[in-house]
Amino acid sequence: MQYGTLLQRWATRLVVYVVLGICAFLMLFPFTYMMFTSLKASGDVFRYPPRLLPYSAVTRQYQGQEVPVYRFKIDGKEREMVLTGQKKGFVFLTTEEGVNVSAPRQSRIVAQVPEEEATPTGETVTVTDALGNSADFEVYQVTVEGQTQRLLLAYRSRLDEFIDPDDPQVVTYAVQRTAKAVERVDLQFSNYDTVLGLNLDRALINTALVTLGVTVGQVVTSVFGGYAFARIPFKGRDTIFLLYLGSIMIPFMVLVVPMYKLMVAIGWENRLVSLIVPWIFTAYGTFLMRQFFLTIPKEIEEAALLDGCSRLRILWTIFVPLSTPAVATQVIFTFLYAWNSFLWPLLIIGEGNEPNHVLTLSLIRLSNIAADKPNLVMTGAAIAILPPVIVFVLAQKYFIEGIATSGLKG
Amino acid sequence: MSPMSNILDRPRQHLDTLKTLWRSPSFVIDANIAWNHVIVAGSVMLSLYINGMEGFYNLGDAVQRFVSLAALVPAILAVFSSILINRRRAIGRTLSLAVNYIGMVLSAVYLLHLWGVFLGIDSVARALHAHWQWLLGFAVAYALFWVAGRLREDSRPRVLLEQIALGVGMITLIALLLIMGAVQAVGDILSTYSRVQTWLVTLVIVVFGTLGYRMLLLGEYFGETPDQRTAWQGWLMLSPNAIGFMLFFAGPLLLSFYLSFTDSTGVNPPNFVGTANYRELLAIQVKVQDSPEGDPQQALDRGYLVLETFTVGSHRVVIGARDTQFWQSLRNTIVFCLMLVPLSIIPALALALVLNSKIPGMNFFRALFFLPSVAAVVGTALIWRWLYNANIGYINYAISQVVQFVNDSLGLGVKDPKYNWLTDNSTMLISIVFLAAWQIIGFNTVLFLAGLQGVPRILYEAAYVDGAGRWGQFRHVTLPMIAPTTFFVVVTTIITGLQVFNEPYALIPQRPIPLPATTSVYYLYRRGFFNFEFGYASAVAWLLFAIIFVVTLIQFRISRAGAYD
């Protein structure tokens, strides 16, 4: 009995892990794709079928030049060969049964012979297929493995010559485009340099500065406001608190136009300050701090007040140290909000004003100027996404508790 | 007494009388009354100045008059405060404190503006960019602190390491400030004192501050009760938030409401046009044509365009609107929400049910599923743009693989659809929905988990005893118990969905975004910031807000009702 339930328990666990593993793979696939693509070379991105890992062609020295290496299997032996730059004419021969009348290149090729080794007989054969299409085909005479055969010419083509530099007698012919290039996994970290050079370095600094300003400002105003709402009774306080709560409901888009006009009026448009100062006053944060301060026992504070402690001192020495979790929650929320914000920077800074770009703006611009370089776009995305992800991983406890208790929107 | 000490004594006596005078309540009151006269004069001058301004930032006469009247408020407060403190009334002192405090804060903000501190943030960013390597010093300091934190508490190496870390941080900070040109910045600030304005504002701050502080100390004299004392302390604590709230929320909100009734544009000052914007937006017309053939446009009045037609029997119903694009964008937004809700909530609930089991490692998975919610939408949308790519994207590749597998294994001839996700009118919107759902699932999962953890275990045991299976437990215990959570999740998802902007903007490459992918907020953005029709855009914003308000109200009502069950 005991044994059975244990087995059952482990089986359930296994199923749960497998299911969650698959879900996690699907959920995180875009990030995986981003990371791998951000490390790809530009020549490696437009492939079908797509592949995740970044590869680059293996090259070697041949006649004083670095040239790509291709892999061929000749007489059962794998050889790594290089292009010589020579081309050679080949005839592709088929039989009367294998010929494709309407598309000769798709005929079943039975022999592929250099032009000089095949002799035209001068004859032609007219082949008619089941659909009634018919065409003339030249007849060639070739010797394959000691046997002389008469075959039909499907098409001619010039093939590229490949040579094994270690064994120069071995030469083979193939189409370069379809030849199998030798590749190895190769991470192009230089993409990050390139993209940082495309104004993302400046944007990164700007974003960090803006985020720091907004976060510090919000925490300070929220701690003061939250304390007043939680602990200092005065006339009209609850009315103001209700107003505050109501203001949370009003979406930002209602304020967009007048805020823009206000910024223009005080000369803050296109300036980083417009991303900081209007955002350091937050009803959400104040609400969050108030809710936390309400849970701190009144007795501590009353004792301190009787001892003649000032309100400011009480706040600084009692409330702030006790409310580390709430402050941490708010810091993380504000960090993410400020770091990821887009609509307001788009309106007030705009896509054109590069020195004052934040990351989201630079990223949109990057997606326009590097429209055909997904590897660079993904690099930019990684630069914008990784810092919040790291912050989240380091502090996820506070984060998830914060959502679960207040239902805050990130 | 020597003559020497006599000579020294006299100024000291004068100084002492001055000190006594300075501390005497009547002097403080008189000084405040005198200063109130200055405030009245300044306030009236400011009001006249605003009233006489040309153009007034293109905000129109009404706003100009309003602001110039608002500038008179300090004057009125100062007059009342003068009268009341003269009569030694406590309320007068409160008024005087408020006037002095707000005056000091606003002048301080203005001084910072004169110093160039606000616009100087740009230069700080530029300098940081030029010397970013120094920022690594902070990283080193942090790393040292981190290492120190691992060591035994109060051990010598730990204390030493902490001191080193602090030193590294301080040195970095000082070096960074010097390199970034802090000295020059101080010089720049000092050089603003070549203007009279700067001296004046600094002086005003000092006077506001000193008089306010002196008045503050007169609590006993005015017979201040403990309640009154608490009250101003509360207001003081609330003041940073309250002032910001007025400047950056309440003020713009009023302005937005006013603008929505005007024809304000980028060039013209607003003229009051009544409800014209709203009428234009909401104008809709339903006409019936006798036959389903012919031009449906014929049925509509001038100025109306066809929004939708459908045939009923032998008649055709034609719905027309003046602003068809607004209705189209609204419809897109609603369709978006209707698709987003099931696509983000059903997977979230399923994940939450699995994650709620008592198996180790669930917190890890919960964090993994949450990752899409913390990443910038602009970044993730660009990733998805390439995943959606018609030729090399993984989504079409996956579909091809599935199609091929089905064809091979079942011998069917299903055609590979090869969607052009982001350029085809019929798939644009659903592409945005998938992205948004992916982004929000982790968030909703966490909300559901919180709800699930509130379900008492005993209910499951009771259900088990009554013979309910897993499905029965889910159906009859879990679902009803988490109904409030589900409702909350649905409503927040809808409210988020109604405001969707970043997702379409970053995902859809065309500009402007084609109509089938235009959401309401993007429409607002286009009218407001492409065409610079500020008045019209404000009206769009308020209509959207009205919709969100109704949704919120329903939520409020229902969750209230649920609370008393």
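It should be emphasised that the depicted structure is a prediction, and the values quoted were computed from it without experimental measurement.

Participant: Sorry if this is basic, but what is going on with the nonpolar core here?
Facilitator: As a rule of thumb, soluble globular proteins bury nonpolar side chains together. Among the nonpolar cores identified, the biggest contains 200 residues, and A:Phe31, A:Phe293, A:Phe399, B:Ile383 and B:Phe501 are the most heavily contacted of them. By size, the runner-up hydrophobic cluster in this structure holds 9 residues, among which are A:Val91, A:Ala111, A:Tyr140 and A:Leu153.

Participant: Is there a simple way to think about the packing of helix 2 (residues 190-231) of chain A against helix 6 (residues 283-294) of chain A in this case?
Facilitator: Packed helices, taken two at a time, are described by their axes: the angle between them and the distance between them. Residue and element names in this part refer to chain A. Between helix 2 and helix 6, the least distance of the axes is 7 Å, while the angle of their chain directions is 50°. When the axes of helix 2 and helix 6 are compared, the pair comes out oblique. Crossing of helix 2 over helix 6 shows right-handed handedness. Contact with helix 2, carried on its side by Ser-222, Val-223, Gly-225, Gly-226, Tyr-227, Phe-229, Ala-230 and Arg-231, involves Gly-285, Thr-286, Met-289, Arg-290, Phe-293 and Leu-294 of helix 6 and no other residues of that element. Looking at the contact of helix 2 with helix 6, its residues break down into 7 nonpolar, 5 polar and 2 charged.

Participant: Even after reading the chapter, I still don't get the pattern of salt bridges, so can you show me in this structure?
Facilitator: Between side chains of opposite charge, a pair can form when the charged atoms approach closely. One pass over the structure, following the stated rule, counts 22 salt bridges over all chains. Through salt bridges that share partners, A:Asp44, A:Arg51 and A:Glu183 make up one connected network.

Participant: What should I look at first to understand the interface of chain A and chain B in this one?
Facilitator: By convention, interface size is frequently given as the accessible area that disappears when the constituent parts associate. Residue-level contacts link 103 residues of chain A with 102 residues of chain B. For the chain A and chain B pair, buried surface summed over both sides reaches about 9,200 Å², with 79% attributable to carbon and sulfur atoms. Counting across the chain A and chain B interface gives 1 salt bridge. Note that B:Asp122 and A:Arg271 form a salt bridge whose closest N and O atoms lie 3.2 Å from each other. At 14 residues, helix 1 (residues 2-38) of chain A tops the list of elements feeding residues into the side of chain A that touches chain B.

Participant: Help me understand the side chain of A:Arg79 in this model?
Facilitator: Residue and element names in this part refer to chain A. Residue placement: Arg-79 occurs in strand 4 (residues 77-94). A distance of 3.0 Å separates the side chain of Arg-79 from the side chain of Asp-164, its partner in a polar contact. Arg-79 has contacts with Tyr-70, Arg-71, Phe-72, Ile-74, Asp-164, Asp-167 and Val-170, leaving out every residue within four places of it along the chain.

Participant: So what exactly am I meant to see when it comes to the domain arrangement of chain A here?
Facilitator: Domain parsing of chain A yields domain 1 (2-38), domain 2 (56-185) and domain 3 (190-406). In this structure, domain 1 of chain A and domain 2 of chain A have C-alpha centres spaced 49 Å apart.

The rules behind the values
Residues numbered from 1 in each chain as written. Chains lettered and ligands numbered in written order. Predicted model: local features only at pLDDT ≥ 70, side-chain atom pairs only at ≥ 80, totals over all residues. Heavy atoms only, no water. Core = buried A, V, L, I, M, F, W, Y, C linked by side-chain atoms within 4.5 Å. Buried < 20%, exposed > 50% of the residue type's maximum accessible area, 1.4 Å probe, protein only. Axes fitted to C-alpha atoms, helices over the stretch in contact; angles between N-to-C directions. Helix = DSSP H or I, 4+ residues; strand = E, 2+ residues; numbered from the N terminus. Parallel < 35°, antiparallel > 145°, perpendicular 65-115°, else oblique. Left-handed = near helix turned anticlockwise from the far one by under 90°. Contact = heavy atoms within 4.5 Å. Nonpolar A, V, L, I, M, F, W, Y, C, P; charged D, E, K, R; others polar. Salt bridge = Lys/Arg side-chain N within 4 Å of Asp/Glu carboxyl O. Buried area = accessible area lost by both parts, 1.4 Å probe. Polar contact = N/O pair within 3.5 Å; in protein donor to acceptor, adjacent residues only side chain to side chain. Domains from an automatic or database assignment.

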